Amino acid sequence: MAALRTVSGNTGMISLFLLCVIAAAKSDEQVPLVAWASDGFALSPVNAPSAGHTVSVEELESHLNTALRTAPLSVDDFTLYGGVFGNKQDSVFQNLEAALLSSSSLWLPSVSSSATALVSTLLQNQIDAAPLYMNPDTLAQLRLNASVAALLVFRLPYSGGADMMSTKEVLSGNDEVIGQVLSIMKAQSVPYTAVFTALWPSRVIEEASPAVHSVWSRSLLQSRREEPTATNPPLEFKEKGSTCILLWAEKLVVSQYRSGKWERHDLAPKTFGEGVEPNLSGSSCNETHSRLVLNYEDVLNYRSFKLIFVMNRRHYKVSARHWFTMDLVHLEYDGKTATFNGSRYIYAPAEYSYRCESVSSSRYPQLSPHSDKDNANDWQISLHDFQIQGFNVAGKDFSYASDCASFFTPGIWMGLVTSLLMVLVLTYGLHMIMQLRTMDRFDDPKGPAISVPQTE
Amino acid sequence: MLVEWMMNGHAILYTGVTLAFWATILIVGICYTIFDLGFRFDVAWFLTETSPFMWANLGIGLAISLSVVGAAWGIYVTGSSIIGGGVKAPRIKTKNLVSIIFCEAVAIYGIIMAIVISNLAENFTGTTPETIGEKNYQAGYSMFGAGLTVGFSNLFCGICVGIVGSGAALADAQNASLFVKILIVEIFGSAIGLFGVIVAILQASRLGDIAKKNFNDIMFHIVRYR
C-alpha cells in the first residue's frame, strides 16, 4: 500500500475503473480479476496467489491498484472464449490480450466476490479521489490531466437476460469497449493502471457436498467425510395410531411460471428433518384409497399451499394381484388447484413401495397435467430421490422398493430385438454358405475329360 | 448316426449357443420367481414402450430381404441346373429362362410391398401411449405384420419355384415335351407368392386408401413395361 501511494504521487497515475451494474453476490462465490498498466508504468511486484487460493478482501486491497469491472465473469470464460486452444482468431479478448502483452500485468484467477464489490471503495481510499462514472464517449470529451490521480469507472454493457445475448457476444462487446477506452487513453498519452473484474461469476461451479460421492471430481475419501449428514427419517402419517403412509424425498421442488420465468421453491426442508412437523391434516387412508395432504404456509407468496398425493389400490385380473397407483398429484394454492396425472408411471405391487430417482413433470415426465386447460400447465413439480408407500405399511420402514428404473430401457430392448434378428439372419446365411459343396458325383479321375463341343 | 451328426462342427456350435440361451432364460426366470419379482416381466410394457417405428421398419426390411432370399435361392438352384444341363443339351438354355423370371417376380413382389409399406409410414407426435394413440400402434404392428407376411410367403415361393424350375430344366434336357407340363407346376408355385402379396396389401390397406392407389399405379407400370 505504501508503494502504491508513492507511485501515485510520483507519476500522477490516472486510474481507470469500470464497474458493472447490478446485484450483490453471495460471499462464497469467486470471480477472476485481471489488472494491467500502460507503458512506462509497472505494477508493484506482488506474489501471485497459489492455485485454488481465493483472494480475500484484505489481500485484494494489498494487491490492488485500480480495477476495471464488467459483466459477470468467470475463469472459465477466459478459457472458453480466449482462444487458448490454438484458435487465436476466435478469441474475444483481442484488445485485452494486446494490452496485457504490451505491459506488466497481474492475474488473480479467484477473488472473493465480496472483495471485488469493495474494489471501488478500496481504490477511493488509496487514491483519495471520488470515482467518476463514465463510458467511452464521455471519456473522449474529457481532458485528462496526467498530473492528478483520478478514478474512472466504466460500466461495461451487460444485457439483462442471458438468453438474449450469448456470453461470447457479451464478452466480445466488452472487449471492444476496453479497446476503445485504451486507445483513447493512449491518444491522450495518459499513464494508467487498469483493473478488469466482475461483481459475480457468470457460472458457478458448485462445491461437491462432502457427504455425497462426487462423480465429477476426485478427492481424498477422508476429506469427503468431514461431516457425515444423517438422512432424515421418512415422513409418517398415522391413522388410529399405526403408520399408514410413508413418504421420503430429497427434494420436493415446485415451480410456477410467473411473468416470464419459473419461480422455484423447495418444500423438503419444511417436510423432513429433526424436529420438523409438517401439518398433515386432511390425509386419510383405508384399504383401497390413500391420500396424503401436506399443508404449508407462505410458499411462493401463497398464504396456504397444499401438496396432495392420491393413491389407489386395486386388484387386476390378468396379473392376479393388487397394485397401487399414484393417480393424482394436486397442488392447492389459495383455493386454486393444479392436478397432475401420475398413474401411467407411478405404480407398484400393493405390498411394496415405489421409489424413483426423479419424479417430475418436466424432464422425462412421469407426471403430466390432468388436461390441456388445467392450472398444472403453469406448474412444474420435481421430486428427487422420491419414495412413497401408501398401503401395507408395517412400522416406520419402507417395504421393498420397486424402482422405476427397469433393468433394460425400452431403447435397449429395441436394440436387442433388432440385433437378435440380424444375428439369426447372419447365422442362417453363414450356415448355408458353409455347407455349399462342389458336386463330385460324376468325378471320374480315371475317365476321359469332358469335351465341350465348340459349335452347337 | 447321432454321434456323426454331433461331430459336425456346425451342430456343436448351434447346440452350444442354444443351450447357453435357454440356460440364461431359465436362470433369470428362476431368480425372478424366487424373489417375487415376476411383476417386472411385463410384455405390455415392452409393446407400448417400444417405438412403433421399430416395428414398421422391421416389417419393411423383412419384406424386401426375405423376398430377395427366396428369389436368390430359387435362381441359384434353377440357374445351376440350366447351366449344367445346357452343357450336354444346349437347346434348353433359352426356354428355361422362364423359370428364372418366375423367381425374379418374387423379388419384385417384395420390393413393391416394401415401397408401399414404407410410403405408409408417417411421423407422429406423442411420447406416452395415450398421446401416441392406438392408431399409431396399429400402424406399426400392421406394417410389421404385412412385411412378415409377404417376406415369408415370397421366401418359400421362391424356393419352390426354384426347385421345380431346376427339375424342369433337367427334364427338358432329357425330353423336350416335358417342359410345358412342368411349367404348369411352376405356375402354381408362383401363385402362392401372390397370395402373400394380396394378404399383405389387405393388412396394410387398413392404414389408408393410399396403399391401394400406390399398388395399382405400380402394378400398371410393371405390366406395361415388362
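Residues numbered from 1 in each chain as written. Chains lettered and ligands numbered in written order. Predicted model: local features only at pLDDT ≥ 70, side-chain atom pairs only at ≥ 80, totals over all residues. Heavy atoms only, no water.

## Digging into the overall build of chain B
Consideration 1: Helix and strand counts for chain B stand at 9 helices and 0 strands.
Consideration 2: For chain B, the α and β elements follow one another from N to C terminus as α-α-α-α-α-α-α-α-α.
Consideration 3: Residue burial in chain B is summarised as follows: out of 226 residues, 38% are buried.
Consideration 4: Taking contacts inside chain B between residues at least 6 apart in sequence as the whole, the part at least 24 apart equals 81%.
Consideration 5: Within the structure as shown, chain B displays about 13000 Å² of accessible surface, and the carbon and sulfur contribution to it stands at 73%. (Helix = DSSP H or I, 4+ residues; strand = E, 2+ residues; numbered from the N terminus. Buried < 20%, exposed > 50% of the residue type's maximum accessible area, 1.4 Å probe, protein only. Contact = heavy atoms within 4.5 Å. Areas by Shrake-Rupley, 256 points an atom, 1.4 Å probe, with all protein chains shown as cover.)

## What about the overall build of chain A?
Consideration 1: A count of helices and strands for chain A gives 10 helices and 21 strands.
Consideration 2: For chain A, the residues scored as buried account for 39% of the 456 residues in total.
Consideration 3: Of the contacts formed within chain A by residues at least 6 apart in sequence, a portion of 68% connects residues at least 24 apart.

## Some words on the environment of Trp 55 of chain B
Consideration 1: Along the chain, Trp 55 of chain B falls in helix α4 (residues 52–88).
Consideration 2: Leaving out residues up to four positions away in the same chain, Trp 55 of chain B has contacts with Phe 46, Leu 47, Thr 50, Gly 140, Tyr 141 and Phe 144 of chain B.

## A look at the state of the cysteines
Residue and element names in this part refer to chain B.
Consideration 1: Counting across every chain of the model gives 2 disulfides over all chains.
Consideration 2: In chain A, numbering the disulfide-bonded cysteines from first to last in sequence yields the connectivity 1-2, 3-4.
Consideration 3: Take Cys 160: it sits in no disulfide, and the sulfur closest to it among the cysteines is that of Cys 157, at 6.4 Å. (Disulfide = S-S within 2.5 Å.)

## Focus on the UniProt feature "transmembrane region" (unreviewed entry) in chain B
Residue and element names in this part refer to chain B.
Consideration 1: Those residues carrying the UniProt feature "transmembrane region" (unreviewed entry) are residues 12–35, 55–76, 97–121, 141–171 and 178–202 in this numbering.
Consideration 2: Annotated as 96% helix and 0% strand, the span residues 12–35 places its first and last C-alpha atoms 35 Å apart.
Consideration 3: Across residues 178–202 one finds 100% helix and 0% strand; the C-alpha atoms that close the span lie 38 Å apart. (UniProt positions renumbered as here; feature names shortened; annotations may be inferred.)

## Some remarks on the interface of chain B and chain A
Frequently, the measure chosen for interface size is the accessible area removed from exposure when the parts meet.
Consideration 1: The interface is formed by 24 residues belonging to chain B together with 28 residues belonging to chain A.
Consideration 2: Roughly 2300 Å² of surface becomes buried between chain B and chain A when both sides are summed, with 66% attributable to carbon and sulfur atoms.
Consideration 3: Along the contact surface separating chain B from chain A lie 2 salt bridges.
Consideration 4: Taking the shortest distance from any N to any O, the salt bridge between Arg 321 of chain A and Asp 36 of chain B comes out at 3.4 Å.
Consideration 5: Joining chain B to chain A, the criterion identifies 5 residue pairs in polar contact (both at pLDDT 80 or more).
Consideration 6: At 5 residues, α4 of chain B tops the list of elements feeding residues into the side of chain B that touches chain A. (Buried area = accessible area lost by both parts, 1.4 Å probe. Salt bridge = Lys/Arg side-chain N within 4 Å of Asp/Glu carboxyl O. Polar contact = N/O pair within 3.5 Å; in protein donor to acceptor, adjacent residues only side chain to side chain.)

## Quick look at the side chain of Glu 186 of chain B
Residues and elements named next belong to chain B.
Consideration 1: As for its position among the elements, Glu 186 is in helix α8 (residues 178–205).
Consideration 2: Of the side chains with opposite charge, Lys 95 comes closest to the buried, unpaired Glu 186, at an N-O distance of 12 Å.
Consideration 3: Ignoring anything within four residues of it in the chain, the contact list for Glu 186 reads Ser 99, Phe 102, Val 161, Val 164, Gly 165 and Ala 168. (Lys, Arg positive; Asp, Glu negative; His and termini not counted.)

## Observations regarding the nonpolar core
All names here are of chain A.
Consideration 1: If you look at the biggest cluster of nonpolar residues, it comprises 44 residues, and the most contacted ones within it are Phe 309, Trp 379 and Phe 386.
Consideration 2: The contacts of Phe 386, once residues within four sequence positions are left out, are Leu 247, Trp 248, Ala 249, Phe 309, Met 326, Tyr 354, Arg 355, Cys 356, Glu 357 and Val 359.
Consideration 3: Within the second largest apolar cluster, 23 residues are counted, among which are Trp 36, Leu 139, Leu 152 and Tyr 192. (Core = buried A, V, L, I, M, F, W, Y, C linked by side-chain atoms within 4.5 Å.)

## Observations concerning the packing of α4 of chain B against helix α6 (residues 97–120) of chain B
Residues and elements named next belong to chain B.
Consideration 1: Interhelical geometry of α4 versus α6 gives an angle of 170 degrees and a closest axis separation of 8 Å. Overall, the two elements α4 and α6 adopt an arrangement that is roughly antiparallel. Residues Ile 60, Ala 63, Ile 64, Ser 67, Ala 71, Gly 74, Ile 75, Thr 78, Gly 79 and Ile 82 of α4 form the contact with α6, whose own contacting residues are Ser 99, Ile 100, Cys 103, Glu 104, Val 106, Ala 107, Gly 110, Ile 111, Ala 114, Ile 117 and Ser 118. (Axes fitted to C-alpha atoms, helices over the stretch in contact; angles between N-to-C directions. Parallel < 35°, antiparallel > 145°, perpendicular 65-115°, else oblique.)

## Looking at the pattern of salt bridges
Consideration 1: Tallied over the entire structure, the rule returns 13 salt bridges over all chains.
Consideration 2: Between Glu 287 of chain A and Arg 313 of chain A there is a salt bridge, and its shortest N-O distance comes to 3.8 Å. Of this pair, Glu 287 of chain A sits in the loop between β12 (284–285) and β13 (289–299) while Arg 313 of chain A sits in strand β14 (residues 302–316); the two residues are 26 residues apart in sequence, bridging distant segments of the chain.
Consideration 3: Among the ionic pairs, Arg 91 of chain B bridges to Asp 172 of chain B, the shortest N-O distance being 3.6 Å. Note that Arg 91 of chain B is positioned in the loop between α4 and α5 (92–95) and Asp 172 of chain B in helix α7 (residues 129–174), a separation of 81 residues in sequence.
Consideration 4: In this structure, a network of salt bridges that share partners links the residues Arg 355, Glu 357, Asp 385 and Asp 403 of chain A.

## Comments concerning the environment of Ile 64 of chain B
Residues and elements named next belong to chain B.
Consideration 1: The residue Ile 64 is located in helix α4 in this model.
Consideration 2: As a C-alpha pair, Ile 64 and Ala 114 span 50 residues in sequence and 5.8 Å in three-dimensional space.
Consideration 3: Discounting residues that sit within four places of it in the chain, Ile 64 has contacts with Ala 107, Gly 110, Ile 111 and Ala 114.

## Observations regarding helix α6 (residues 119–127) of chain A
Consideration 1: Along α6 of chain A, the residues classified as buried are Val 119, Ser 120, Leu 122, Leu 123, Gln 126 and Ile 127 of chain A. With its buried residues spanning 160 degrees around the axis, α6 of chain A presents them on a single face. (Arc of directions from axis to C-beta.)

## Side note on the packing of α6 of chain B against α8 of chain B
Residue and element names in this part refer to chain B.
Consideration 1: The geometry of α6 relative to α8 is characterised by a closest axis approach of 11 Å and an angle of 0 degrees between their N-to-C directions. In terms of their interaxial angle, α6 and α8 are classed as roughly parallel. Facing Val 98, Ser 99, Phe 102, Tyr 109, Met 113, Val 116 and Leu 120 of α6, the residues of α8 in contact are Leu 183, Glu 186, Ile 187, Ser 190, Gly 193, Leu 194, Val 197, Ala 200, Ile 201 and Ala 204.
Consideration 2: Looking at the contact of α6 with α8 residue by residue, the classes come out as 13 nonpolar, 3 polar and 1 charged. (Nonpolar A, V, L, I, M, F, W, Y, C, P; charged D, E, K, R; others polar.)

## Some points on the packing of aromatic side chains
Consideration 1: In the structure shown here, the tally under the stated rule is 21 aromatic pairs over all chains.
Consideration 2: Relative to Phe 391 of chain A, the ring of Phe 324 of chain A has its centre 6.0 Å away and its plane inclined at 55 degrees; by these criteria the two rings are tilted. Here Phe 324 of chain A, found in strand β15 (residues 321–333), pairs with Phe 391 of chain A, found in the loop between β20 (379–389) and β21 (401–403); they are 67 residues apart in sequence, far enough to count as distant.
Consideration 3: We classify Phe 391 of chain A as buried; its relative accessible area is 5%.
Consideration 4: Members of the aromatic cluster, each reached through a chain of ring pairs, are Phe 407, Phe 408 and Trp 413 of chain A together with Phe 46, Trp 55, Tyr 137, Tyr 141 and Phe 144 of chain B. (Phe/Tyr/Trp six-rings, centres within 6.5 Å; stacked < 30°, edge-to-face > 60°.)

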